[in-house]
Amino acid sequence: MTTNIESLWIFALASKCKSFTSINSIFFAIFLILIWLVMNMIYWAHPGGPAWGKHTWKKIVSNPIPGPKGFPIIGSMNLMTGLAHHKIANIAKTLKASRLMCFSLGETRVIVTCNPEVAKEILNSSVFADRPIKESAYRLMFNRAIGFASYGVYWRTLRKISSNHLFSPKQIKIYEKPRFQIAKQLISMFEKNSPNDILRVRDGLKLASLNNMMCCVFGKSYDFDCCNLETKELMKLVDEGYELLGMLNWSDHISWLGEFDLQRIKQRCSELVPKVNKFVKKILDEHVNQSGDFVDVLLSLHGSERLSENDMIAVLWEMIFRGTDTVTVLVEWIIARMTLHPDIQSKVQVEIDKIVGQSRTMTESDVSEMIYLPAVVKEVLRLHPPGPLLSWARLAITDTTIDGYQVPAGTTAMVNMWAITRDADVWADPLMFKPERFLNEAHSDMDFSVLGSDMRLAPFGSGRRSCPGKTLGLTTVTYWVATLLHEFEFGPSSNVDLSEVLKLSCEMAHPLKVKIRSRRAPKTS
Ligand code: HEM
């Protein structure tokens, strides 16, 4: 905007000048355009492309971070379309910049690492405790929820409230009963399939995860019936928000495009927000104090911790939103791998049968006795991390140094966890599905933690902004997978296609279709 006003001044002044005829003004305009083009070419020539060039052109940077130039003005926007984690890993390898690479997304300076040591430096640094805010997140009010709130008092308060009242071990234990009930409903749903029917597991898993979060957050449980109007409506709202947040929004990086809303993101967000507000407000109005769910906790806050109604809606909405897709995506990948590797599926079932037997249902304390199943879950997280670029990037609050390079404030930082978990320098036989790697005492990987202390496999991120829902997520995923493998044998309906599609999470591009067979002896009447 400032630039427009400045250029208008230049024209206004010039028009007062007698020698400024209409021909001259055309030449003058061409001259300005040429200067603008030359400047953009100078910016573009810098390693990392235009955004890095614009930042450093007046300074001498002796040791620039290596990176692709991309295209003038837009930089490397093409890297972020499709399977961005694959593209970034490939180009970093070609440029020998796997430790640290820079690139431009329009006006946004980005650094990315495919290396565990540098990932630790970034994720655990207090400088990278902020997040770059996407326009869709802002319009969907997520700037008032944990994931996109600026680093500061408000964000800290939300983290504290959710750690104490939603994600604490005590609270996770309280939600064991709903998880058990939902698993039972999921089994009944799957049981309706006869052995020759083809089952799309994602539909049931989505309903299960949505119900699970509705229960933890709103204390509300729905019948497991997709014809339930409220569930259907909520599913539509979550899907729409999910798509909007996952889209690459060009105007996040090329600010003047924001005026045009070419991708209709602004419009779709402004249509979605009143629907979400109405939905959540209705639940809040109908909510009776059930002393236990997250809504009760938020309503009971006092003093500086008290949240406005809009902030409360943002926080509740985010939990439903984050808790639903990540769990669904991960369970679907695990079942896909079990279908693809029947020998490994049998090993899990042998372990389950040893601990639980065939005559009773599974409990969460049974799962805590298992060794092989957690290794399977870790191996799936390694090969198919739901957030291959750790979902949401980080933002440098101040100038800093990473891996010996200067990184200016305002730079966006990404970690390519997918590249780290497939790096042959980090993992032996990285492309092989081998849960045993976590059981090999010689390599002492048995106690390998995926919760953020070891950057070789940190699918929940690390540091201040690591995932607060990791234990809840892992507990739910492991218990549901154990229950499903206890009840059913999963076989392929055709080839298991492991192609990916990167939205907000990295999903199977083609929803998994399986044939299932009950492992229980038929009931005698
Ligand atoms: C099992 C699946 C899950 C995976 C793989 C996962 C992964 C992630 C990742 C990679 C991040 C970014 C971490 C970083 O920047 O270092 C994140 C952040 C977050 N996750 Fe999860 N997540 C899962 C489950 C959940 C659940 C169940 C919830 C809540 C109900 C949740 C809520 C959040 C929130 C609120 C943030 C933002 C934290 C902040 O910015 O302070 N996640 N998650």
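Residues numbered from 1 in each chain as written. Predicted model: local features only at pLDDT ≥ 70, side-chain atom pairs only at ≥ 80, totals over all residues. Heavy atoms only, no water.

A.B. asks: Where do I start with the site of the ligand in this structure?
C.D. replies: Near the ligand lie 26 residues; those nearest to it are R131, W155, R159, R394 and C467. Separating an oxygen atom of the ligand from a side-chain N or O atom of R131 is a distance of 2.8 Å. Separating an oxygen atom of the ligand from a side-chain N or O atom of R465 is a distance of 3.0 Å. Counting atoms within 2 Å of the grid points, the majority share of the ligand lands in the largest cavity. Where the shell around the ligand is concerned, the elements lending two or more residues are helix 7 (153-165) and helix 14 (309-340). Ranked by residue count, the leading element in the shell around the ligand is helix 14, at five residues. (Near = heavy atom within 4 Å. Polar contact = N/O pair within 3.5 Å; in protein donor to acceptor, adjacent residues only side chain to side chain. 1 Å grid on protein atoms, 1.4 Å probe; cavity = no way out; pocket = protein on both sides within 12 Å on 5 of 7 lines; lining within 4 Å. Sits in = over half its atoms within 2 Å of the grid points. Helix = DSSP H or I, 4+ residues; strand = E, 2+ residues; numbered from the N terminus.)

A.B. asks: Would you explain empty space enclosed by the protein in this entry?
C.D. replies: If a probe the size of a water molecule is rolled over the atoms, the empty space left behind becomes visible. Per the counting criterion, the structure on display carries one cavity of 30 Å³ or more. Lining the largest cavity are 43 residues, and of these R322, T326, C467, P468 and G469 sit closest to its centre. Counting residues per element, the ones that place at least two in the lining of the largest cavity are helix 5 (116-123), helix 7, helix 10 (201-218), helix 14, strand 7 (412-415) and helix 19 (470-487). The greatest single-element share of the lining of the largest cavity, amounting to seven residues, is contributed by helix 14. Split into classes, the residues belonging to the lining of the largest cavity amount to 24 nonpolar, 13 polar and six charged. (Points joined across faces, edges and corners; volume = space filled by probe spheres on them. Nonpolar A, V, L, I, M, F, W, Y, C, P; charged D, E, K, R; others polar.)

A.B. asks: Explain a nonpolar patch on the surface to me, please; I cannot follow it from the model alone.
C.D. replies: On the surface, a cluster of nonpolar side chains totalling about 830 Å² of accessible area is made up of I23, I26, F27, I30, I33, L34, W36 and L37. Here L37 lies in helix 2 (residues 22-44). For L37, a relative accessible area of 39% corresponds to the partly exposed category. (Patch = residues over 30% accessible without salt bridge, like charges linked within 9 Å, V, L, I, M, F, W, Y side chains within 5 Å. Areas by Shrake-Rupley, 256 points an atom, 1.4 Å probe, with all protein chains shown as cover. Salt bridge = Lys/Arg side-chain N within 4 Å of Asp/Glu carboxyl O. Buried < 20%, exposed > 50% of the residue type's maximum accessible area, 1.4 Å probe, protein only.)

These figures capture arrangement, not role.
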